[in-house]
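Residue-level structure breakdown
The chain contents come next:
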Amino acid sequence: MTDKTAITNWLSRLGPGIITAALVFGPSKMTITSRLGAEYGYGLTWIIVVAIFFMISYANMGARVGANAPGSFLSVLRQKWGNAAAIAIGFGIFLVTASFQAGNAIGLGISLAESTDTKPNGWILLFTGVSIGLLFFRSFYSILEKLMIALVGLMLFAFASTLFMAKPSLSGIVSGLVPSVPTGSTGLIIAFIASCFSIVGAVYQAYLERERRRLKPYSSNGSSSATTGILILGIMSAVVLICAAAVLNPQQIQVTNAAGMAKALEPLYGEYASGLFYLGLFGASFSSLVGNATVGGSLMGDALGWGDGFRDTKVKFLIAIVMIIGATVAVLFGKLPLEMIILAQSITIFLVPFIGFALLSIANDKTIMGSKVNTRYQSLVGYLGWLLITVLAVFNFYELFIK
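Description of the structure in this document. (Residues numbered from 1 in each chain as written. Predicted model: local features only at pLDDT ≥ 70, side-chain atom pairs only at ≥ 80, totals over all residues. Heavy atoms only, no water.)

1. With respect to the overall build of the chain
Within the chain, the secondary structure is distributed over 17 helices and 0 strands. Sorting the 403 residues of the chain into buried and exposed places 57% on the buried side. Pairs at least 24 residues apart make up 82% of the contacts formed inside the chain by residues separated by at least 6 positions. Of the roughly 16700 Å² of accessible surface on the chain, 67% is carried by carbon and sulfur atoms. (Helix = DSSP H or I, 4+ residues; strand = E, 2+ residues; numbered from the N terminus. Buried < 20%, exposed > 50% of the residue type's maximum accessible area, 1.4 Å probe, protein only. Contact = heavy atoms within 4.5 Å. Areas by Shrake-Rupley, 256 points an atom, 1.4 Å probe, with all protein chains shown as cover.)

2. Things to note about the pattern of salt bridges
Under the defined criterion, the tally for this structure stands at 2 salt bridges. Its salt-bridge partner being Arg-35, residue Glu-39 comes within 2.9 Å of it at the nearest N-O pair. Of this pair, Glu-39 and Arg-35 are both found in helix α2 (residues 27-40), 4 residues apart, which corresponds to roughly one turn of the helix. In this structure Glu-39 comes out as partly exposed when scored by relative accessible area, which is 24%. With a relative accessible area of 30%, Arg-35 lands in the partly exposed category. Note that Asp-365 is salt-bridged to Lys-80, the shortest N-O span being 2.7 Å. With Asp-365 in the loop between α15 (338-363) and α16 (366-369) and Lys-80 in helix α4 (residues 73-81), this pair connects stretches of sequence that are 285 residues apart. You can call Lys-80 partly exposed: its relative accessible area is 31%. (Salt bridge = Lys/Arg side-chain N within 4 Å of Asp/Glu carboxyl O.)

3. Overview of the nonpolar core
With 126 residues, the main nonpolar core has Phe-73, Ile-89 and Tyr-204 as its most contacted residues. Sorting elements by how many residues they give to this core places helix α11 (residues 223-247) first, with 15 residues. Not counting chain neighbours up to four residues away, the residues in contact with Ile-89 comprise Phe-73, Leu-74, Leu-77, Leu-299, Leu-351, Phe-354, Ile-355 and Ala-358. (Core = buried A, V, L, I, M, F, W, Y, C linked by side-chain atoms within 4.5 Å.)

4. Concerning the packing of α2 against helix α9 (residues 186-196)
Put simply, α2 and α9 touch, their axes get as near as 10 Å, and they point 145° apart. Remark: the crossing between α2 and α9 carries left-handed chirality. For the pair α2 and α9, contact is made by Lys-29, Ile-32, Thr-33, Arg-35, Leu-36, Glu-39 and Tyr-40 and by Leu-188, Ala-191, Phe-192, Ser-195 and Cys-196, respectively. Split by residue class, the contact of α2 with α9 holds 7 nonpolar, 2 polar and 3 charged. (Axes fitted to C-alpha atoms, helices over the stretch in contact; angles between N-to-C directions. Left-handed = near helix turned anticlockwise from the far one by under 90°. Nonpolar A, V, L, I, M, F, W, Y, C, P; charged D, E, K, R; others polar.)

Have a look at this one:
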């Protein structure tokens, strides 16, 4: 086996984990992470470790379910809990992804418009069209895998280069690993953990692993892929937070979106630095634009019994609908309307703990998983993670509807 073949095979094994990392690390997550560093310096670096720890646990569960369960996640759940549970999850995830898709489209448009001094709408329509076009290649999964690996590589290069120029404090980073909760930071902490510890992303890992197994039935178990992909997600999150802590926090520069951080870099490090950050923002936006839509379309298709893979035309049609909704909202409103944010948050509050428990229940079921059932340690970590997301859901419910 040549070195080139070995590298290609290694990247292919990483595919599902990389895709999950890329779709989770979108423009909204970049905004939250930038704010953490800008407002609280290095002090909240520790929450990345916590969120990544639990995300690895659930992504591994998703990968094992995809590799070993006798059917797709929703088909197994349908047999275990009934058709209503499967439809509720599939339809709920479709609504959430459609609601948030406009944010990904806007992030992509801004990253290209700001760096080229043009209008964002043309870029939004162009790349939405490109994304829909990709769906109708026969080898869509292989294209998706290669695209996400390239975009993650682009993000790592862009953010690492920015970090090198920012020259952060090593002692500040180390001290930030000690847990502390600065006054007023609770909301951002919750937002970050909720976005990074993505139960929907973990469930989608099962579908990606299942699709990879269809193409390469003798490939190795996907747990290492999930772990590596989520570790890369953690690295990207840490780099963005540290850059913001090093550059923005000392000057008390506030950011309201990811593009704001790129603008803040320009006076200090020149157009080259801001251009690099825009490059990273483009990678994050485009990967989420495609990945988020495939999540919603795939699970909705499975819930309706239309298929659970990227080969099914009806599933591709549903994925395209999510993309079109996002582009339409982005072009008409120029932002994500408050009503759509509230809708997505409301659905997420009730759905995420339910989905998390469903994944945990399947991974703990020996009749489904056989020898790949959760160990006691994996089950314990799974229940702790489920408790965490349930507490976050209760807190969000209080903030939205009671406070």
